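# Close look at the chain arrangement
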Amino acid sequence: MKWIQFALLLFPLFLIGQTSIRGELVQKVPLDVDRIEGVDNFGTLYYTKNNIFYKKSNTSEINYSNVQLGNVTSTNTFNPLKMLLFYKDFNTVIILDNRLAEIFKIDFNTTNPYKNVSHISTGNDNTLWLFNMDNQKLELYDYKTKKVRATTVPVSSQVLDITSNYNFCWLLTQNFLYKYNYFGSMVQKIPNDGYSKISMFNETTYLLKDQALVQLDKNFETFTPLVLGDLLINQFFVTNETLYIYDSKFLNQIHLKSN
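Quick caveat: nothing in here was measured; it's all calculated off a predicted structure.

### As for the overall build of the protein
A count of helical and extended segments in the protein gives one helix and 24 strands. Taken against the 2.2 N^0.38 rule, which gives 18 Å for 259 residues, the C-alpha radius of gyration of the protein at 19 Å falls within 12% of a compact globule. For the protein, the spread of C-alpha atoms along the three principal axes comes to 65 × 45 × 25 Å. Burial statistics for the protein: of 259 residues in total, 48% are counted as buried. When contacts within the protein are restricted to residue pairs at least 6 apart in sequence, those whose partners lie at least 24 apart make up 40%. The protein carries 24 positive and 23 negative side-chain charges, and their two centres are separated by 2 Å.

### Looking at the side chain of Thr48
Position of Thr48 relative to the elements: it lies in strand β3 (residues 45–49). The exposure class of Thr48 is buried, given its relative accessible area of 5%. A distance of 2.9 Å separates a polar atom in the side chain of Thr48 from a polar atom in the side chain of Glu37. With near-sequence residues (within four places) excluded, Thr48 lies in contact with Val33, Asp34, Arg35, Glu37 and Phe53.

### Quick look at the packing of aromatic side chains
What the rule picks out here adds up to 11 aromatic pairs. Taking the centre distance of 4.9 Å and the plane angle of 55° together, the rings of Phe104 and Tyr143 count as tilted. Of this pair, Phe104 sits in strand β9 (residues 102–107) while Tyr143 sits in the loop between β12 (137–142) and β13 (147–151), and the two are 39 residues apart along the sequence. The exposure class of Phe104 is partly exposed, given its relative accessible area of 25%.

### Focus: the sheet that holds β3
Backbone-to-backbone hydrogen bonds join strands into a sheet, with any given pair of strands oriented parallel or antiparallel. Taken together, four strands build an open sheet; the order of strands is β2-β3-β4-β5 and the sheet is antiparallel. Pairing within the sheet leaves two strands with one partner each, and these edge strands are β2 (35–39) and β5 (61–64). Averaged over neighbouring strand pairs, the angle between their axes works out to 20° when direction is ignored. With four bridges connecting them, β2 and β3 associate as antiparallel partners. By the bridge assignment, Gly38 is partnered in β3 with Tyr46.

Cut-offs applied
Residues numbered from 1 in each chain as written. Predicted model: local features only at pLDDT ≥ 70, side-chain atom pairs only at ≥ 80, totals over all residues. Heavy atoms only, no water. Helix = DSSP H or I, 4+ residues; strand = E, 2+ residues; numbered from the N terminus. Rg over C-alpha atoms; globule rule 2.2 N^0.38 Å. Buried < 20%, exposed > 50% of the residue type's maximum accessible area, 1.4 Å probe, protein only. Contact = heavy atoms within 4.5 Å. Lys, Arg positive; Asp, Glu negative; His and termini not counted. Charge placed at Lys NZ, Arg CZ, Asp CG, Glu CD. Polar contact = N/O pair within 3.5 Å; in protein donor to acceptor, adjacent residues only side chain to side chain. Phe/Tyr/Trp six-rings, centres within 6.5 Å; stacked < 30°, edge-to-face > 60°. Pairing = 2+ DSSP bridges. Axes fitted to C-alpha atoms, helices over the stretch in contact; angles between N-to-C directions.

Here's what the structure looks like:
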């Protein structure tokens, strides 16, 4: 009986530690920017420097700047045809097309009711996900009709990060990691064991904790550590199963393969 109890205690640890994903450095490129915003499927690089948003490909470089709105708080380049720039100080989101032309401006100060937004992420059609600090709810907002399509129950702990695709939204808070569908229903929830940042690719979640990355499967069941060597992780994101890590001096392109 005691042996069975001991085996049951070890079983979750076995699920966590039986495999790892090793990172193989493919390319290391010197880069002097303030923040990396993303790399798309064609290798196009998005970044901000001196509060200017840049799109750089092998053949061209274009940029967008809006000094009237202050500093760019965050961006979302998941949909390269509708990229989001969030200016938290002015409670405003700018939507850009693939030529970085402004196609829509969302001023939450003028919405009825007023929305005090802290985090945003992309949505399907004409929507975006936003976290409303006044009611502590995640909302799916249609910026053309100015209507909320879906809303979640209130979140009690501080929001740390957010990411999404066309089907789901992941919200990382100080206490929990949540996954919501486009009806605003919570489909998964697990305790946050010290993770501070999140990235997502094909519904697989990547989490950062104390300069260490783990991969969490789409069912929120198995954590798999990433073996990356001695890399300083200031920013990270995953595109086409390639991990990008920016260490403030170099952009490291890393191929992920399971051991």
